[in-house]
Structure formats: structure tokens, C-alpha cells
Amino acid sequence: MSESANNGIDFPAEEYRTRLQRTQEEMAKHDLPVLLLHQPENINYLSGLDDIGYFSYHALAVPSRGDPVLIVRDMEVPTAHSTSWVKNHTVYADAADPIPASLDAARRALDGLGLAGGRVGVDEHSWFLTVERWKMLQAQLPNATLAKEPRIVDHLRLIKSPREIEYLRGAARQVEVGMLAGIEAIAPGVTERDLASVVSSAFVKAGADMRSGGIITSGSRTNLIHGGSSNRRLERGDPVYFELEGIHRKYYSRLMRTAVVGPASAEQQRVAQTIIRTQDEAIALMRPGTPASVIDRACREPILTAGLRKTYTNRTGYSLALCESPSAGEFIREFVPGVEWVLEAGMVFHMLMMAAGMGFSETVLVTERGPERLTTMERKLFSRN
């Protein structure tokens, strides 16, 4: 076992140092002396901090030179010591009015770096930089100019390192275990919640993060794309839709499969085969340098031509890897009409297609040699009697 695994840090120190150096190089290009980051994924990516307590204020102050400073609630300091290579902490205690106390800690961190004046890059896209916190931050930093940072860390995260890909492979194996267990448990009279219980148990036994989960719907409820599991009992002929995720060290691999209670009808087979064939052909095009718009058209147009959907407004894929709730993906690269970006080696995507109550998806890595499915489970419409 590596030293990083023993001390609770997910990556070697040199990998974090490389990430920091690249961040600071981009900061120089944008004339940003300091970043104040609030998005948990980006804090984790640069510092290693693995903490679920980010409902309380926490941030990372990243100077253009030197080491970052973690800004955390005092009770989270043991977690910071255990999981992060960053040893400079500015802390705050719980208070009757927590917002001023926590934002004062941000001010103190920037003061300590000598960067409480001038331009401070802030991640305006973060779920956790609320309007209330933004206003208080402005009040705490009267000599600073808060500038929207151009999602520097989000863009760096798009290209995965070998160790990140290793974690994604682990998550892919876990999600397949959960998916197979759920499909095996299908039978007339079983409820969606019964299936969810079986899947959850399989995830735990496979060593998946306890936050692993997903969507399980059946029958007419399959039109609820993000519906939760219910007490509905399965009936013969029902489609059963699974969208599950394995999580290994905060790295997500996602997988969709559909099964039928009993033998599938000819129409169900036709729909499933059309989706799978279309998606196979689109995934085969996922090579470095390929425009994302080409992949999106390859996914979207055959489904519309086959009459499986009247309109197709949702994304056909999105970048995926390191995630924290409530985020479900990176979403900085999405397959939708009109996009202009191109694929690069090291990018990872959740490629998904849904029609007529059925869905199939894969987690796909783009390599120099072409696409590699990280999820390798058999692609078919399953039938369970």
C-alpha cells in the first residue's frame, strides 16, 4: 500500500504539486494574484481535503506563488490534517451568526498571504458561494476587487491522470456489481424499493462509497428521468430502468441498463436494439480531435429518424469524474447541438441515450488509440422471468 493510502491522502504529494503549479500558471495568464475557491471538487482536487461538512463554509485560498491555505470550520481540522497535504489552515468556530464568522476567516487567510487587496478571483459558478456569502465577502474585503475566475481548475480537471483513471476503473467495477445484482432481483411482485435495497447492499459489499446510489423506475414511471424508487410492484411486461453510479474515492462511473419483467416484446427489442446500435456507432467516433458536435449528431439524429422520440432536447453525454453532491457530473463539456469543443485524450464522459422508457449508457475514456469503455457490462435488453 502506498504512503498516500496509509495517511488518508488519495494522491501522492507530487501530483497535488503538479496540479497547483498548473493552476498558478493559468492564474498568471489571467492576472489573478489569488483564487478563493468554494467548489468542493476543486478544493479536493488541489488540496486533497475529503470532508462532507462543506454545508458549512469552507474555501481554499490559492496564491499565484507559494502554498494554499485551507479555510475550514474548527471541528473539521482533524479531517484536514488526515486527508490534505495543505498544512496552512485558517479556522473559525460556530457562532450565533455563522456567516460573518466564517467570512472573517476568509479575510484572515487572505491577510496572511498579503493578498486581501487587489484582484481576488472567485468561483462565481460554485453552488456554495451564495448571494449572502458573496455580499459578506465584499464587506470583509473593502480593498479588494472580486473578479470572476475563468473556471481554471474545472478546465484542468478535464484531463484525467493515470491514477484518476485507476479510480474510475474501480468505480466502474463497483457499478457493474450493483447493476447485475439489481437485474438478478427482478421478478413479478418485487417493488422498486426492494431492488434499491439489493443494489445498495451489493454496493456496500463491493467496497463502494456509501453515497453510491442511483435511479430505479419501472412501468409507466420510466418516463420520470430523475424519479426516485417507489413501492410500485413489478408486473409482467414492465420495463425496469436503472441508472446507477459507483463511487471510488469520490470518482464516479455511471451506467444505465434496462430490463423487462418476463420476455421482451418485439417493440421493446426494436427500441433497445436501435438505441444500442446508435450509441455503439457514436462511441466508436470518440477519438482525440473529433468535434463534439459530430458525436452529438451521431447520437441524436438516428433516434429521431427512427421515430423513437418526437424531440431530443437533453444532452447525449457529459464529462464525469470527481463529484460532490449536489453535482452529478462536471458538465463543463457536454454533448449538445451547436457545441464547438473537441475531444482530447484523457477526457472521460458519461454517454447516455434514452427513448420509450428505456436507457443505456457507458462511462467512456478517450485515449490516443480511441474510445475505451470503462464500464464493460454486456449491452443488451435484459429479460427476467
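Residues numbered from 1 in each chain as written. Predicted model: local features only at pLDDT ≥ 70, side-chain atom pairs only at ≥ 80, totals over all residues. Heavy atoms only, no water.

Trainee: Could you clarify how one ought to interpret the nonpolar core in this entry?
Mentor: The tendency in soluble globular proteins is for nonpolar side chains to be buried side by side. Grouped together as the largest cluster of nonpolar side chains are 33 residues, with contacts concentrated most on Leu-35, Leu-46, Val-62, Leu-70 and Tyr-251. Sorting the residues of this core by element identifies α2 (13-29), β1 (34-37), α3 (40-47), β2 (59-63), β3 (69-73), α4 (77-83), α7 (152-156) and α8 (162-184) as the ones contributing at least two each. Here this core takes 4 residues from α8, the largest share from any one element. Beyond its immediate chain neighbours, meaning those up to four positions away, Tyr-251 contacts Phe-11, Arg-19, Glu-164, Tyr-167, Leu-168, Ala-171, Gly-246, Ala-321 and Leu-322. Of all hydrophobic cores here, the second largest spans 30 residues; its members include Leu-308, Ile-332, Met-347 and Ala-355. (Core = buried A, V, L, I, M, F, W, Y, C linked by side-chain atoms within 4.5 Å. Buried < 20%, exposed > 50% of the residue type's maximum accessible area, 1.4 Å probe, protein only. Helix = DSSP H or I, 4+ residues; strand = E, 2+ residues; numbered from the N terminus. Contact = heavy atoms within 4.5 Å.)

Trainee: How should I be thinking about empty space enclosed by the protein in this particular structure?
Mentor: Over the atoms rolls a probe the size of a water molecule, and in doing so it shows where empty space is left. Applying the stated criterion across every chain yields a total of 1 cavity of 30 Å³ or more. Within this model, the largest cavity holds a volume of roughly 30 Å³. Residue lining of the largest cavity: Pro-40, Ile-43, Asn-44, Leu-49, Asp-51, Tyr-54, His-58 and Glu-324, and that is the complete set. Taken together, the residues that form the lining of the largest cavity break down as 4 nonpolar, 2 polar and 2 charged. (1 Å grid on protein atoms, 1.4 Å probe; cavity = no way out; pocket = protein on both sides within 12 Å on 5 of 7 lines; lining within 4 Å. Points joined across faces, edges and corners; volume = space filled by probe spheres on them. Nonpolar A, V, L, I, M, F, W, Y, C, P; charged D, E, K, R; others polar.)

Trainee: What should I look at first to understand the pairing of strand β8 (residues 239-248) in this one?
Mentor: Two faces belong to every sheet, and in a regular strand the side chains alternate between them. With 9 of 10 residues buried, β8 lies mostly within the body of the structure. One ladder, built from 10 bridges, connects β8 with strand β9 (residues 251-261); its direction is antiparallel. What sits directly across from Ile-247, in β9, is Tyr-252. Counting the residues in the hairpin turn of β8 and β9 gives 2 residues, including Arg-249, whose phi is positive at 55°. (Pairing = 2+ DSSP bridges.)

Trainee: How should I be thinking about the side chain of Thr-83 in this particular structure?
Mentor: Mapped onto the fold, Thr-83 is located in helix α4. Of note is the side chain of Thr-83, whose polar atom sits 3.1 Å from the backbone nitrogen of Asp-50. The residues touching Thr-83, leaving out its near neighbours within four places in the chain, are Gly-8, Ile-9, Ser-47, Gly-48, Leu-49 and Asp-50. (Polar contact = N/O pair within 3.5 Å; in protein donor to acceptor, adjacent residues only side chain to side chain.)

Trainee: Looking at this structure, how should I read the packing of α2 against α3?
Mentor: Think of two packed helices as two axes; the pair is described by the angle between the axes and how far apart they sit. Where α2 contacts α3, the axes come no closer than 7 Å and their chain directions differ by 115°. From α2, Tyr-16, Arg-19, Leu-20 and Thr-23 reach across to α3, where they touch Asn-44, Tyr-45, Leu-46 and Ser-47. Its residues placed into classes, the contact of α2 with α3 shows 4 nonpolar, 3 polar and 1 charged. (Axes fitted to C-alpha atoms, helices over the stretch in contact; angles between N-to-C directions.)

Trainee: How should I be thinking about helix α9 (residues 192-205) in this particular structure?
Mentor: Every α-helical turn comprises 3.6 residues, leaving residues that sit three or four positions apart pointing alike. Spanning 14 residues, α9 covers 20 Å between terminal C-alpha atoms, matching the ideal 20 Å at 1.5 Å per step. For α9, the complete set of buried residues consists of Glu-192, Leu-195, Val-199, Ala-202 and Phe-203. All buried residues of α9 fall inside an arc of 100° around its axis, so they share one side. Downstream of α9 by a residue or two, Gly-207 has a phi angle that is positive, lying close to 85°. (Expected span 1.5 Å × (residues − 1). Arc of directions from axis to C-beta.)

Trainee: Just checking my understanding: could you explain the pattern of salt bridges for this structure?
Mentor: Tallied over the entire structure, the rule returns 29 salt bridges. With a closest N to O distance of 3.6 Å, Arg-384 and Glu-184 form a salt bridge. A residue pair is termed long-range when its members are at least 10 positions apart, and Arg-384 in strand β14 (residues 382-384) and Glu-184 in helix α8 qualify at 200 residues. For Arg-384, a relative accessible area of 24% puts it in the partly exposed group. A salt bridge links Arg-315 to Glu-334; the nearest nitrogen and oxygen atoms lie 2.3 Å apart. Of this pair, Arg-315 sits in the loop between α11 (292-305) and β10 (317-319) while Glu-334 sits in the loop between β10 and β11 (348-355), and the two are 19 residues apart along the sequence. With relative accessibility at 33%, the residue Arg-315 sits in the partly exposed group. Here Glu-334 falls in the partly exposed class, since its relative accessible area comes to 21%. Each of the salt bridges in this network shares a partner with another, and the network as a whole consists of Arg-151, Asp-154, Arg-157, Lys-160 and Glu-330. (Salt bridge = Lys/Arg side-chain N within 4 Å of Asp/Glu carboxyl O.)

Trainee: Sorry if this is basic, but what is going on with the pairing of β2 here?
Mentor: Of all 5 residues in β2, 5 are buried, a share of seventy percent or more. Residues Ala-59, Ala-61 and Pro-63 line one face of β2 and the alternating positions Leu-60 and Val-62 line the opposite face, and both faces are buried. One ladder, built from 4 bridges, connects β1 with β2; its direction is antiparallel. Counted as the bridge partner of Leu-35 is Val-62 from β2. Pairing analysis gives 3 bridges linking β2 to β3, with the strands arranged antiparallel.

Trainee: Is there a simple way to explain unusual backbone geometry in this structure?
Mentor: Cis geometry marks the peptide bond from Ser-325 to Pro-326; its omega dihedral reads 5°. A positive phi is found at Arg-151, a non-glycine position, where the angle reads about 55°. Positionally, Arg-151 belongs in the loop between β6 (144-148) and α7. Phi is positive for Phe-331, close to 60°, though the residue is something other than glycine. As for its placement among the helices and strands, Phe-331 is situated in the loop between β10 and β11.

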